[in-house]
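Geometric and topological summary
Residues per chain, in single letters:
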Amino acid sequence: MQRVNRDRHLFGPGPSNAYPEATAALGLPLLGHLDPDFLTIMDQTCAMLREVWGTTNTRTLPISATGSAGMEAAFVNVVHPGDVVVVAVNGLFGQRMCDVASRCGAEVVAVEHDWGQPVDVERVVAAHPAPAVIAAVHAETSTGVVSDIAALGVAKGDALLLVDAVTSLGGIEVSADEWGVDIGYAGTQKCLGVAPGLAPFTINERAFGRRVEKPQSWYLDLGLLGGYVGGASGPGRTYHHTAPVAMVASLHAGLRRILDEGLEQVFARHEEAGRILQDGLEELGLELFAAKGHRLPELTTVKVPDDVDSAAVRRYLLERHGLEIGGGAGAYAATVWRIGLMGHNARPDAALLVLACLEDALAHVRG
Ligand SMILES: *Cc1c(COP(=O)(O)O)cnc(C)c1O
């Protein structure tokens, strides 16, 4: 859910999932990308990313592009041509993983699930006796479902575990080291509450040791990116590409905000807002889409009632109330709504606002 204020574009004064601190940082005077003060901001950003990822990986950094570039970076760096990559597919982003892996020359074994269901760990590990990589999406934004990554970590055997945490990082618990995640990527614009444009990324020694020596992507080659962020991992800092300084400053401010509030508190806030929204939707007589017990608090999927037009309700919400909710993904484009309460929007008042406006919209379209 986003409150749209056309005068101010993305970041109006009303509910937006961007934290005000992160938005304000975008307006600060720009530092040069080699300015020592900026390098300090980058180092602190990487350190704070380790905290939210639950990792000690030295190679934890914001990749300079959106979440999908994090996905690309994950696959191009560890998938050698001919490698077997088992992908748990329970939504749109699992499908995208298959596409990306196949472009790296992988032999992709897609383990298909019904949309709305969590990843079936037993089926995924039984899909191949010795895959090089097992890949899964922690929080499927297309369906509103959370999957058990820790269980995959226990069962992964010798495979590398590659995890999409785009919609989980900063919203629900992610404990990369404890769960056995070898490679993970996220995005800034979901629960981290920052503008879109960076992909928080982490890779451990085990995965880095098995990397492709010369990945087909120069830009996303982690062997080179170690020098970009410098620090203990690399040979000191070297020029690789110009850091997007405004975005890194914004991510820095967003992470500071999250850690000042406290990760546990931030997770509890997302949990509470999601529960208020989901309970309220059921009280309105609507049916939730994601399987019970596996629902994300930060992204709620709800079935569009048979007697209303999905697009008409969304248009009314936008025009009358300045609220933007998502349509469904893939085959569910017109039959499911997706309502995000992420980052700064993960609050009881935002949940209640959505419920009130949606109730009004339903009454309006039903006449
Ligand atoms: C949004 C999203 C992505 C893609 O991120 P972009 O920033 O749009 O490139 C990947 N995976 C999941 C689960 C997402 O929700």
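Preceding this paragraph is the structure being described.
These numbers come from a predicted model, not from an experiment. (Residues numbered from 1 in each chain as written. Predicted model: local features only at pLDDT ≥ 70, side-chain atom pairs only at ≥ 80, totals over all residues. Heavy atoms only, no water.)

For the rest of this paragraph, the subject is the overall build of the protein chain. For the protein chain, the helix and strand inventory stands at 13 helices and 14 strands. A globule of 367 residues ought to have a C-alpha radius of gyration of about 21 Å, and the protein chain, at 20 Å, matches this closely. In terms of overall dimensions, the protein chain has C-alpha extents of about 65 × 55 × 30 Å along its principal axes. With 367 residues in all, the protein chain has 57% of them scored as buried. Long-range pairs, those at least 24 residues apart, make up 69% of the contacts in the protein chain with a sequence separation of at least 6. Surface exposure of the protein chain reaches about 14,900 Å², of which carbon and sulfur atoms provide 52%. In the protein chain, 28 side chains carry a positive charge and 43 a negative one; their mean positions are 4 Å apart. (Helix = DSSP H or I, 4+ residues; strand = E, 2+ residues; numbered from the N terminus. Rg over C-alpha atoms; globule rule 2.2 N^0.38 Å. Buried < 20%, exposed > 50% of the residue type's maximum accessible area, 1.4 Å probe, protein only. Contact = heavy atoms within 4.5 Å. Areas by Shrake-Rupley, 256 points an atom, 1.4 Å probe, with all protein chains shown as cover. Lys, Arg positive; Asp, Glu negative; His and termini not counted. Charge placed at Lys NZ, Arg CZ, Asp CG, Glu CD.)

Turning our eyes to something else, we now look at the site of the ligand. As a matter of local geometry, the ligand sits amid 13 residues, with Thr66, Ser68, Thr141, Asp164 and Lys190 nearest to it. In the environment of the ligand, an oxygen atom lies 2.6 Å from a nitrogen or oxygen atom belonging to the side chain of serine 68. At 2.6 Å, a side-chain N or O of lysine 190 approaches an oxygen atom of the ligand. For the ligand, whose free accessible area comes to 380 Å², the fraction covered by protein is 88%. Those elements that place two or more of their residues in the shell around the ligand are helix H3 (67–78) and helix H4 (92–103). Residues belonging to the shell around the ligand are distributed by class as follows: four nonpolar, six polar and three charged. (Near = heavy atom within 4 Å. Polar contact = N/O pair within 3.5 Å; in protein donor to acceptor, adjacent residues only side chain to side chain. Nonpolar A, V, L, I, M, F, W, Y, C, P; charged D, E, K, R; others polar.)

Let us now look at the pattern of salt bridges. Considering all chains together, one arrives at 15 salt bridges under this definition. When the shortest N-O distance is used, the salt bridge between aspartate 158 and arginine 210 registers 2.9 Å. Placement of aspartate 158 in the loop between helix H6 (149–155) and strand S8 (160–164) and of arginine 210 in the loop between helix H8 (205–209) and helix H9 (222–229) is noted, with a sequence separation of 52 residues between them. Residue arginine 210 is classed as partly exposed on the basis of its relative accessible area of 29%. Linking arginine 347 and aspartate 349 is a salt bridge whose minimum nitrogen-to-oxygen distance equals 2.9 Å. On the accessibility criterion, arginine 347 (19% relative accessible area) is buried. Each of Lys156, Asp158, Asp182, Arg206 and Arg210 takes part in salt bridges that share partners, so that together they form one network. (Salt bridge = Lys/Arg side-chain N within 4 Å of Asp/Glu carboxyl O.)

In this section: a negative patch on the surface. Side chains of Glu173, Asp177, Glu178 and Glu264 sit close together on the surface and give a patch of like negative charge. Within the secondary structure, aspartate 177 is located in helix H7 (residues 176–179). For aspartate 177, a relative accessible area of 35% puts it in the partly exposed group. (Patch = residues over 30% accessible without salt bridge, like charges linked within 9 Å, V, L, I, M, F, W, Y side chains within 5 Å.)

Quick look at the nonpolar core now. Of all hydrophobic cores here, the largest spans 84 residues; its most connected members are Leu61, Phe75, Val78, Met97, Leu162, Ile183 and Phe201. When residues in this core are grouped by element, the largest group, eight residues, is from helix H2 (residues 36–53). Shared between two domains, this core takes at least three residues from each, and those domains are domain 1 (9–17 + 263–366) and domain 2 (20–260). Setting aside its immediate chain neighbours within four residues, phenylalanine 75 contacts Val85, Met97, Val100, Ala101, Cys104, Ala135 and Leu162. With 25 residues, the next largest nonpolar core counts Val313, Leu323, Leu341 and Leu358 among its residues. (Core = buried A, V, L, I, M, F, W, Y, C linked by side-chain atoms within 4.5 Å. Domains from an automatic or database assignment.)

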